[in-house]
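A structural walkthrough
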Amino acid sequence: MGIAFSEGGYAVKLKRITPVDVVIWIALLFCGLICLVPILNTIAISFSDRTSAAMGEVAFWPVNFNFSSYKAMLEERQFGQSFLVSVLRVIIGGSINMLLTILMAFPLSKSPKVFHSKKFYMWFVVFTMMFNGGLVPTFMVVRYLGLMDSIWALVLPTAVPVFNVILLMNFFKNIPDSLEEAAYVDGANPWYILWHIYVPLSKAALATVALFAIVNHWNSFFDGKIYINTQSKLPLQTYIQSLSATLDPTQMATMSPEEIKEKLAMSSLTFNSAKVMVSMIPILVIYPFLQKYFVTGIVVGAVKE
């Protein structure tokens, strides 16, 4: 039982802490540490020198603190160009994803009596989730359409994210039909109903879908290796994957003693850790603004009436 006492004329009842609550808190704390510990270790390694990192002396605090890995990465001119390419990809690709997801989820959320071809399109959607054309056929399609070495080769193959469509479709199903019926009585057409009723009421689901689209486009690097041939058009993730911390004699001949010292302070381990942290920063900045919608969008959109 809880403990009840009076405060300002109101009865306040404190919930009793049970062993189950303690177990849940411990489990959540453990899960949080599992996620946090690798990130702290990666940050510490990225700010440490190569010897300390190679010998395993770095835990959660940098050893022989230095910015060599980050400085080498940020001083590259190509870094800024690739960063802008990734930002452009997120804007264009995310916008296309959101538009097509909304336009596809809205009719699929209707009953077969309203949308007579719903079953056919649903089977088509589910089929694409389980099977795909494969890497070689997709490459051939992109090549024959003349999309190679362009931003469109990065955004069009993933223009319709099927998982997001199903998530948003289930969310639309939870919107009362009475709202749509009232709008029809007032003379509204389906376009007006979609953009003035369904979309404003689906902020949580739309924020969740937008977060998925942003993360997918920002973190993708493999398609950049396949479809992009020009160095200046590489997205950021593809570019940082190609960076190396190796130092050969031909490089040393053109470098100053300070540059050689900074280069020697880096290793593949510290450099790769710096890559990971740089690639995480934009997502970590965006996520707090969408986090309050994320849980609601996932829970409501994943439940079917």
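Calculation rules
- Residue indices begin from 1 for each chain and proceed along its sequence in written order.
- Local features in this predicted model are restricted to residues of pLDDT 70 or higher, and side-chain atom pairs are both shown and tallied only at a pLDDT of 80 or more, whereas totals for entire chains, interfaces and linings draw on every residue.
- Heavy atoms from the whole structure form the basis of all side-chain values; hydrogens and water molecules are not counted.
- By nonpolar core is meant a set of buried Ala, Val, Leu, Ile, Met, Phe, Trp, Tyr and Cys residues that side-chain atoms within 4.5 Å join together.
- Working definition: with a 1.4 Å probe on protein chains only, accessible area under 20% of the residue-type maximum means buried, over 50% means exposed, and in between means partly exposed.
- Numbering of helices and strands starts at the N terminus; helices are DSSP runs of H or I of at least 4 residues and strands are runs of E of at least 2.
- Residue contacts follow a heavy-atom distance rule, with two residues in contact if any of their heavy atoms lie within 4.5 Å.
- Aromatic pairs are defined between Phe, Tyr and Trp rings, using the six-membered ring for Trp, whenever the two ring centres lie within 6.5 Å; interplanar angles under 30 degrees are classed as stacked, those over 60 as edge-to-face, and all others as tilted.
- Think of pLDDT as the predictor's per-residue confidence, scored from 0 to 100.
- By definition, no residue in a patch forms a salt bridge, and every one has over 30% relative accessible area; like charges are joined within 9 Å, nonpolar side chains (Val, Leu, Ile, Met, Phe, Trp, Tyr) within 5 Å.
- Computed with the Shrake-Rupley method and a 1.4 Å probe, the accessible areas treat only the protein chains shown as cover for residues.
- Just to be clear on terms, a salt bridge is a Lys or Arg side-chain nitrogen sitting within 4 Å of an Asp or Glu carboxyl oxygen.
- Between the N-to-C directions of two axes lies an angle of 0 to 180 degrees, each axis being a line fitted to C-alpha atoms and, for a helix, fitted only over the stretch in contact.
- Orientation labels follow simple angle bins: below 35 degrees gives roughly parallel, above 145 gives roughly antiparallel, 65 to 115 gives roughly perpendicular, and whatever is left gives oblique.
- Polarity classes work like this: nonpolar for Ala, Val, Leu, Ile, Met, Phe, Trp, Tyr, Cys and Pro, charged for Asp, Glu, Lys and Arg, and polar for all others, with Gly in that last group.
- In this scheme, a helix's expected span is set at 1.5 Å multiplied by one less than its residue total.
- Note that the arc is computed from the directions linking the helix axis to the C-beta atoms.

**Considerations on the nonpolar core**
Leu168, Phe172 and Tyr198 are the most contacted members of the largest nonpolar core, which totals 27 residues. Listing elements by their share of this core, those giving two or more residues are helix H4 (77-108), helix H5 (118-130), helix H8 (162-173), helix H10 (190-198) and helix H11 (203-219). Ranked by residues supplied to this core, first place goes to H8 with 7 residues. When near neighbours in sequence (up to four residues on either side) are disregarded, Phe172 contacts Ile102, Ala105, Phe106, Ser109, Tyr198 and Ser202. Listed in part, the 15 residues of the second largest apolar core include Val90, Ile214, Tyr239 and Met277.

**So, unusual backbone geometry**
Notably, Asn64 is not glycine yet its phi reads approximately 55°, a positive angle. Located in the positive-phi region is Asp149, a residue other than glycine, with phi close to 60°. Structurally, Asp149 is set in the loop between helix H6 (135-144) and helix H7 (152-155). Overall, the relative accessible area of 18% leaves Asp149 in the buried class.

**Topic: the packing of aromatic side chains**
As enumerated under the stated definition, the model contains 11 aromatic pairs in all. Centroid distance Phe83 to Trp218: 5.6 Å. Interplanar angle 80°. Geometry classified as edge-to-face. With Phe83 in helix H4 and Trp218 in helix H11, this residue pair connects regions lying 135 residues apart in the sequence. For the pair Phe115 and Tyr121, a centre-to-centre distance of 5.8 Å together with 20° between the ring planes defines the contact as stacked. One aromatic cluster in this structure is built from Phe47, Phe65 and Tyr70.

**Details of the confidence of the model for the protein chain**
Within the protein chain, residue pLDDT values average 80, and 81% of them lie at 70 or more. Taking the mean pLDDT of every element in the protein chain, the minimum, 50, falls on strand S1 (residues 3-7) and the maximum, 92, on H7. Within the model, pLDDT remains below 50 along residues 299-305, and this stretch shows 15 contacts once partners closer than five positions in the same chain are excluded.

**Observations regarding a nonpolar patch on the surface**
Side chains of Ile17, Val20, Val22, Ile24, Trp25, Ile26 and Leu28 sit close together on the surface and give an oily, nonpolar patch of about 710 Å² of accessible area. Mapping Trp25 onto the fold places it in helix H1 (residues 19-46).

**Structural notes on the packing of H5 against H8**
With their axes 9 Å apart at the nearest point, H5 and H8 run at an angle of 140° to one another. Our classification of the angle between H5 and H8 gives oblique. Touching Lys118, Met122, Val125, Thr128 and Met129 of H5 are Val162, Ile166, Met169 and Lys173, all from H8. By residue class, the composition of the contact of H5 with H8 is 6 nonpolar, 1 polar and 2 charged.

**Details of the side chain of Ser82**
By secondary structure assignment, the location of Ser82 is in helix H4. With near-sequence residues (within four places) excluded, Ser82 lies in contact with Leu234, Pro235, Leu236 and Tyr239.

**Some words on the packing of H8 against H11**
At their nearest, the axes of H8 and H11 sit 10 Å apart, and the two run at 175° to each other. Taken together, H8 and H11 sit at an angle that is classed as roughly antiparallel. Together, Phe163, Asn164, Leu167, Leu168 and Phe171 of H8 and Ala204, Ala205, Leu206, Thr208, Val209, Phe212 and Ala213 of H11 make up the contact between the two elements. For the contact of H8 with H11, a count of residues per class yields 10 nonpolar, 2 polar and no charged.

**Topic: H5**
With 13 residues, H5 should reach 18 Å at 1.5 Å per residue; the first-to-last C-alpha distance of 19 Å fits that figure. Inspection of H5 places Lys118, Met122 and Val125 among the buried residues, and these make up the whole buried set. Summarising the axial view, the buried residues of H5 lie within an arc of 60°, below the 170-degree limit, and thus occupy one face. For H5, exposure combined with an orientation more than 90 degrees from the buried face picks out Lys119, Phe120, Trp123, Phe124 and Met130.

**Structural notes on H11**
Relative to the 24 Å expected for 17 residues at 1.5 Å per residue, H11 spans 24 Å between its end C-alpha atoms, a close match to the ideal helical length. Within H11, 12 of the 17 residues are buried, which leaves the element mostly enclosed by the surrounding structure. Every buried residue belonging to H11 is among Ala204, Ala205, Leu206, Ala207, Thr208, Val209, Ala210, Leu211, Ala213, Ile214, His217 and Trp218, and all of these are buried.

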